[in-house]
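Residue-level listing of the chains:
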Amino acid sequence: MARLPAPVSDLVAQFGPHLHREPAGGWNTRGEPDRIVPTHCCFCGQQCGIQLKVKDEKVVGFEPWEEFPFNKGKLCPKGVKRYMQDEHPDRLLTPLVRDETRGFQPIDWETALDRTAREIQRIQSAYGPDAFAVLTGASLTNEKAYLMGKFARVAVRTANIDYNGRLCMVSAAAASKKILGIDRSANPWSDIPQAKVILVAGANIAECAPITTDYLWQARENGAQLIVLDPRMTPIARTADVFIPVRPGGDIGIFYGMLHVMVQRGWINREFIAAHTTGWDAVEAIVERYTPDYAAGIAGVPASMIVRAAELWGPAETSFLLHARGIEHHSKGVENCMAAINLVVATGRIGREGCGYAMITGQGNGQGAREQGQKCDQLPGARDLENPSHREYIAGVWGVEESTIPHTGLSAVPLLEAIHGGRIKGLLLVCFNPAVSLPDGEFIREALGRLEFFAVIDFFMSETARYADLVLPGSLMEEDEGTTTNVEGRVIHHRQVVQPPDGARQDWRIICDLAKRLGAGDKFAYESTRDIFEELRVASKGGVADYAGITWERIDREMGVFWPCPSIDHPGTPRLYEGWRFGHPDGKAHFQPAEWRPAAEEPDADYPIVLTTGRVVSQYLSGTQTRRIGALVDQYPQPQCEIHPRLAGSLGIADGDFVRVESRRGAVVVRAQIVKTIRPDTVFVPYHWPLGRSANNCTNRAIDPVSKIPEFKICAVRVSKSSPPSDDLASLEPAAGGVR
Amino acid sequence: MSELAFFIDYSRCIGCQACVQACEECDTHRGRSLIHLETIERRDSVQTAPQVCMHCEDPICAQVCPADAIKQTAEGVVQSSLKPRCIGCSNCVLACPFGVPKYDADVDQMMKCDMCYDRTSTGRRPMCATVCPSGALAFTTIEEIMRTRQGRAVNDWQFGDQQVRTKVFVLVPTEATRVNLSVIPLSSLRRSRPAPDPYDVAALLEAD
């Protein structure tokens, strides 16, 4: 057990999660708000427009923003209740320093910042520059994501910076880049209702991207057929024309089986392939072996389902592919995505109205935060850290010698492994809760306990921040101004709605203050986040993710601008690949062959069941924000293990029983929810909860060799009936890991 | 163009509860959600169904109210009970064929959906129908519904012998002209062969 400065129950009593149930002033506050500010939801990559109501400089409620074209006023329950983060009793209002007897003690800002800078310098001079690491998040604005990348490379001068998008978008990003040449959804969402066939692979849209539901249903009103791949019958799958309850990790069987049938029946666009692609022959040679029967063996479904899916997809006039974490969270995540995208490119149905492809970004700024240079191998503008001309250009923007920019560092999981192994000694973390969100939770928490110095910037005391030596209270989205880039590649404007409360500071100011103490103040002399955006525009100019022509004023006027947008008079690019010009230098799409291979850990005699993990609609990621909002916690208070009645019967488990789900790495004890809507060889536990209630205690640290994404979607477990948990957490509120 | 009306398409519902959370934000009853989201049977299916007040033309809840506490606006919106009149007897709760009115012990009166009267009377759409991400709830014109949706919008209901016409429409297959909820004798079910369960994933995997 990793060290904490006080028992969990004491930390929870002091810092929460407590449930916030009423707006500022209470439910009965009457009267018109002083102002209503149009901005965006902070939860998830859909980035819905929403208006926040302000009275007496406090956010007191919301009003739908029907004019914003992406969601037209629609919201999910997280969006409706997002404003309950404001005026929250758990809000951190002073820097805190670890105190071995009392948990944490307040200290003043100057002391906290001085000490952080001193520790960075001490660790780097003792162990080398890369012994201090920076971990960041994909819920940060573009401005802050850009700032973090520059801060790590220019002020801290460490190679080791990565972000929690590593747990989210990287497989889709790598596959898209390899085949199509650009890491972005290829189409705006307005193309979805124009498609005649839609394939949804590994995306629980109803719960994880609820706003996309209406686009799908509108397509169906227009006559579209819907194919859904998921081990669980999700609300989207329930009425699908073809629902394929694929075995976790068997997706390539479906994609190649479909492609095999399409080759056999002549549903391949050979003219397009010859003119606009490379590499088809290698793919065709592989799929030849994937007869429906062979493919069905890999996918764990009847062959007839694969044939029916091919019969819908193959001859369609227009089509749209959507995929998400279900196929991406694998040690072959990139290969899964490439196999799916091959279905799009083989038909040539891309780059025009109603024809295309999109990855559904999960995190708030899942798209933008991966373009601004906070990935371990990347520079702003989605530039490559190892490309000499890219390095040279960014060095010029930053006003540093190219040689001083560190080279590729460690990605998130290996970075935590390096902390565990003692090679990284210090860490500054913002917007990331690895104690809950990374796989093999016990190992991760043990690593956090081994740091010589650990500083966290956050507005709440996350489960990760409990391990910190210093906690610096940061800002909510609505307390700062900036941009994010939504799931479509549309750059949007988050307005500042209120000031941070006394004692908290805007994240970017904290970073700039640290940079100054590290001797790089001249490189971080920003007056506002607008200054950062203006520099970001220059830094991205000429890159793949080109923001040079985007201004905050244009965003407001045009309800968002799609990148690439290289100049002020450029209209932006809602749809990529028009005219079949792809993102590679040769202008072609590059097919990528890959054989199916097993997961890092398949079920066996000792651990015979597959565990797959995911989200519920009322919680966001590691829950550090949403587990503090009473209405959202009430909706689904604690994790449950979904289990098919057939499997439950064979294990003697009844609905509502506690079950122990145990892998080679750890266990989680939760209640069983018996449902016919899941495969009988698979159980599902959502991952938003901490410690003894964390599904990630079981998951596997295996990562994809290219994208470095962890294999959250498959590990081997055994499941048994259990007595109610009696650990330290059990008596706490469910939001803190307790059980009811 | 005709006036705005309320439409429910149960088949679109994804059970996300955005409507439930948003209803609580309506100014006339802040902190108290009045829409119902029914989970049909989670063990068997993920199907859910939102239920707002249907606003009957001749409201049964008002008919059975011994205190004459339930009134309709000129636009046909059936309101919560009038506080000075409501005696909390729950006749309305028992009589409503849609299960909408609920007795609220905290305020000792019947509370129910009033179609966001405060919002619709000032040109805004009801909270639930504005936020619903699936379009299961919509507040728009009949022309817009006919232009964008398959099926037919109906507001005639048959509950056994009782006919009801409602202000709120539901979307049904095109061939239907009303919603007919007849009581089916159990004996007739026993004779029919059980159909394969289309929502049991294990059964799907065993299909040929």
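Here the structure is a predicted model, which is why all the values come from computation and not from measurement.

Procedures and definitions
Residues numbered from 1 in each chain as written. Chains lettered and ligands numbered in written order. Predicted model: local features only at pLDDT ≥ 70, side-chain atom pairs only at ≥ 80, totals over all residues. Helix = DSSP H or I, 4+ residues; strand = E, 2+ residues; numbered from the N terminus. Rg over C-alpha atoms; globule rule 2.2 N^0.38 Å. Axes fitted to C-alpha atoms, helices over the stretch in contact; angles between N-to-C directions. Parallel < 35°, antiparallel > 145°, perpendicular 65-115°, else oblique. Left-handed = near helix turned anticlockwise from the far one by under 90°. Contact = placed C-beta atoms within 7 Å. Nonpolar A, V, L, I, M, F, W, Y, C, P; charged D, E, K, R; others polar. Core = buried A, V, L, I, M, F, W, Y, C linked by C-beta atoms within 7 Å. Buried ≥ 20, exposed ≤ 12 C-beta atoms within 10 Å, placed from the backbone. Domains from an automatic or database assignment. Pairing = 2+ DSSP bridges.

Considerations on the overall build of chain B
Piece 1. On a plain count of helices and strands, chain B comes out with 8 helices and 9 strands.
Piece 2. By the compact-globule yardstick of 17 Å for 208 residues, chain B fits well, its C-alpha radius of gyration being 19 Å.
Piece 3. Projected onto its principal axes, the C-alpha coordinates of chain B cover approximately 65 × 40 × 30 Å.

Concerning the packing of helix α3 (residues 109-127) of chain A against helix α19 (residues 507-517) of chain A
All names here are of chain A.
Piece 1. α19 packs onto α3 with a crossing angle of 55° between their chain directions and a minimal axis gap of 9 Å. It follows from the interaxial angle that α3 and α19 lie oblique. When you trace α3 past α19, the crossing you get is right-handed. Touching L113, D114, T116 and A117 of α3 are D513, L514 and R517, all from α19.
Piece 2. Classifying every residue of the contact of α3 with α19 gives 3 nonpolar, 1 polar and 3 charged.

Brief notes about the interface of chain A and chain B
The parts lose accessible area when they come together, and the size of an interface is often stated as this lost area.
Piece 1. Contacts between chain A and chain B engage 41 residues on the former and 36 residues on the latter.
Piece 2. For the side of chain A that touches chain B, the secondary-structure elements that each account for two or more residues are β3 (58-64), α2 (77-81), α7 (212-221) and α22 (630-635) of chain A.
Piece 3. Among the elements that make up the side of chain A that touches chain B, the one with the highest residue count is α7(A) (4 residues).
Piece 4. A breakdown of the residues in the side of chain A that touches chain B according to their chemical character gives 22 nonpolar, 9 polar and 10 charged.

Remarks on the environment of A:C76
Piece 1. With respect to the secondary-structure elements, A:C76 resides in the loop between β3 and α2.
Piece 2. Separated by 428 residues in sequence, A:C76 and A:A504 place their C-alpha atoms 29 Å apart.
Piece 3. Apart from residues no more than four positions distant in its own chain, A:C76 is found in contact with A:P210, A:I211, A:V617, B:C16, B:A18 and B:P133.

Thoughts on the nonpolar core
Piece 1. Judged by nonpolar contacts, the single largest core of 306 residues is most densely connected at A:I198, A:M258, A:A309, B:C19 and B:C128.
Piece 2. Once residues within four sequence positions are removed from consideration, B:C19 is found in contact with B:I35, B:L37, B:P50, B:C128, B:V131, B:C132 and B:L137.

What about the domain arrangement of chain A?
All names here are of chain A.
Piece 1. Taken as a whole, chain A is organised into domain 1 (21-85), domain 2 (96-168 + 367-564), domain 3 (170-359) and domain 4 (609-736).
Piece 2. The distance between the C-alpha centroids of domain 1 and domain 3 comes to 36 Å.
Piece 3. Each side of the interface is counted separately: domain 1 has 7 residues, and domain 3 has 6 residues.
Piece 4. Its residues assigned to classes, the side of domain 1 that touches domain 3 comprises 4 nonpolar, 2 polar and 1 charged.

Concerning the environment of A:L140
Residue and element names in this part refer to chain A.
Piece 1. Among the structural elements, L140 can be located in the loop between β6 (132-136) and α4 (142-156).
Piece 2. Classification of L140 as buried rests on a count of 30 C-beta atoms within 10 Å.
Piece 3. Residues L140 and N365 lie 225 residues apart in sequence; the distance between their C-alpha atoms is 6.3 Å.
Piece 4. With residues near it in sequence (within four places) discarded, L140 still touches A145, M148, N365, A369 and C431.

A closer look at the environment of A:I653
Residue and element names in this part refer to chain A.
Piece 1. Within the secondary structure layout, I653 lies in the loop between α23 (645-651) and β25 (658-662).
Piece 2. On the basis of neighbour count, I653 is assigned to the buried category, with 21 C-beta atoms found within 10 Å.
Piece 3. Through-space distance from the C-alpha of I653 to that of D251 is 29 Å; in sequence the pair is 402 residues apart.
Piece 4. Discounting residues that sit within four places of it in the chain, I653 has contacts with I643, A648, V659, A672 and K721.

Details of the pairing of β3(A)
Residue and element names in this part refer to chain A.
Piece 1. By the criterion of burial, β3 is predominantly enclosed, with 5 of the 7 residues buried.
Piece 2. Where strand β2 (residues 49-55) meets β3, 6 bridges bridge the pair, whose relative direction is antiparallel. By the bridge assignment for β3, Q51 is matched with E63.
Piece 3. The turn linking β2 back onto β3 is made up of 2 residues, and D56 within it adopts a positive phi angle of 50°.

Things to note about the sheet that holds strand β7 (residues 161-163) of chain A
Residue and element names in this part refer to chain A.
Piece 1. With mixed pairing, 7 strands are arranged side by side in an open sheet as β5-β4-β18-β17-β16-β6-β7. With partners counted over all chains shown, the strands left at the sheet margins are β5 (103-106) and β7, one partner each. Strand-to-strand twist across the sheet, computed as the mean angle between neighbouring axes with direction ignored, equals 20°.
Piece 2. Where β6 and strand β16 (residues 426-430) come together, 4 bridges link them in parallel fashion. Within β16, the position partnered with A133 by the bridge is L427.

What to know about the sheet that holds strand β8 (residues 197-201) of chain A
Note: strands within a sheet are paired through backbone hydrogen bonds, in either parallel or antiparallel orientation.
Residue and element names in this part refer to chain A.
Piece 1. The parallel open sheet is built from 5 strands, whose spatial order is β10-β9-β8-β12-β13. Two strands close off the open sheet at either side, each with one partner strand: β10 (242-244) and β13 (356-359). Averaged over all pairs of adjacent strands, the angle between their axes in this sheet comes to 10°, without regard to strand direction.
Piece 2. Bridge count between β8 and strand β12 (residues 319-323): 5 bridges; the pairing is parallel.

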